[in-house]
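Here's the letter readout for the chains.
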Amino acid sequence: MKLKKPFKIKKGDEEIEVKELKIDPEKFTASVVIKAEKEFLMTGGIFPSGAMEDSRAFMLCAASKMLGYRTEDLEDNLSGADFMNLTNVMKGLFGGTALENLIQNLLGNQQ
């Protein structure tokens with residue numbers, strides 16, 4: 001998805017400009033979910049009983065694992081609109097968004 005507000009982050013020894021985030025469903029693995037759960041819980045994430053997938057903070061943790069960015073970099077730099085779009089796409093991978101909304105988010109925002 002193309003970002004409405006690109007940002008720069010430090011990755012390794014260089015600073016890169018992030019203009020889009022490519023969520024590849026093939027990279028949505030058990031490891032992504034487990035690492036995201038661990039990070040979310042270790043950083044004080046709170047969610048209603050049995051509803052971790054409803055937390056946008058958890059969705060951001062999972063997206064960061066898939067994209068190869070630090071969660072803090074996404075949290076500190078994404079605009080509100082881009083954050084909402086990204087977490088909606090992630091919710092679709094968890095089954096929390098209707099298929100047509102997921103397709104629209106994946107295809108519509110890449111133009």
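Preceding this section is the structure that the text describes.
Throughout this document, residue positions are counted from 1 along each chain, in the order its sequence is written. With pLDDT at 70 or above as the cut-off, local features in this predicted model cover only qualifying residues; side-chain atom pairs require 80 or more to be listed or tallied, and sums for whole chains, interfaces and linings still use all residues. Note that the side-chain values use all heavy atoms of the structure and ignore hydrogens as well as water.

S.K.: Got a sec to walk through the overall build of the chain? Specific residues and values, please.
M.R.: Looking only at helices and strands, the chain has 5 helices and 2 strands in total. Think of it this way: any DSSP run of H or I at least four residues long counts as a helix, any run of E at least two long counts as a strand, and we number them from the N terminus. Shown N-terminal to C-terminal, the secondary structure of the chain runs as helices and strands in the order β-β-α-α-α-α-α. The buried share among the 111 residues of the chain stands at 38%. For this analysis, residues touch if any pair of their heavy atoms sits within 4.5 Å. Within the chain, counting contacts between residues at least 6 apart in sequence, those at least 24 apart form 60% of the total. Here the open area of atoms and residues is found with the Shrake-Rupley method and a 1.4 Å probe, where only the protein chains shown may cover a residue. For the chain, the exposed surface amounts to about 6700 Å²; the carbon and sulfur share of it is 50%. Think of it in three bands: residues with accessible area under 20% of the maximum for their type are buried, residues over 50% are exposed, and the middle band is partly exposed, with areas taken using a 1.4 Å probe on protein chains only.

S.K.: Account for the packing of helix α2 (residues 56-67) against helix α4 (residues 80-93), with residues named and values stated.
M.R.: The relative placement of two packed helices comes down to the angle between their axes together with the axis-to-axis distance. Under this scheme, a helix contributes an axis fitted over its contacting stretch, all axes are lines through C-alpha atoms, and angles between N-to-C directions fall in the 0 to 180 degree range. Relative to each other, α2 and α4 sit at 85°, their axes nearing to 9 Å. With respect to α4, the axis of α2 lies roughly perpendicular. Packed against α2, whose contacting residues are R56, M59, L60, A62, A63 and M66, the element α4 presents F83, M84, L86, T87, N88, M90, K91 and L93 at the interface. Here the contact of α2 with α4 is built from residues that sort into 10 nonpolar, 2 polar and 2 charged. To sort the angles, those under 35 degrees are grouped as roughly parallel, those over 145 as roughly antiparallel, those from 65 to 115 as roughly perpendicular, and the leftovers as oblique. Note on residue classes: Ala, Val, Leu, Ile, Met, Phe, Trp, Tyr, Cys and Pro are nonpolar, Asp, Glu, Lys and Arg are charged, and everything else, Gly too, is polar.

S.K.: I'd love a proper account of the pairing of strand β1 (residues 2-11), names of residues and values included.
M.R.: What makes two strands pair is DSSP finding at least two bridges between them. Relative to strand β2 (residues 14-20), β1 runs antiparallel, the two being bridged by 6 bridges. Among the inter-strand pairings, K2 is bridged to a residue of β2, identified as E20. Linkage of β1 to β2, two consecutive antiparallel strands, is achieved through a turn of 2 residues, within which G12 is found at a positive phi near 70°.

S.K.: Account for the environment of E75, naming residues and giving values.
M.R.: Residue position: E75 is located in helix α3 (residues 71-77). It is 9.3 Å that separates the C-alpha atoms of E75 and C61, two residues lying 14 residues apart in sequence.

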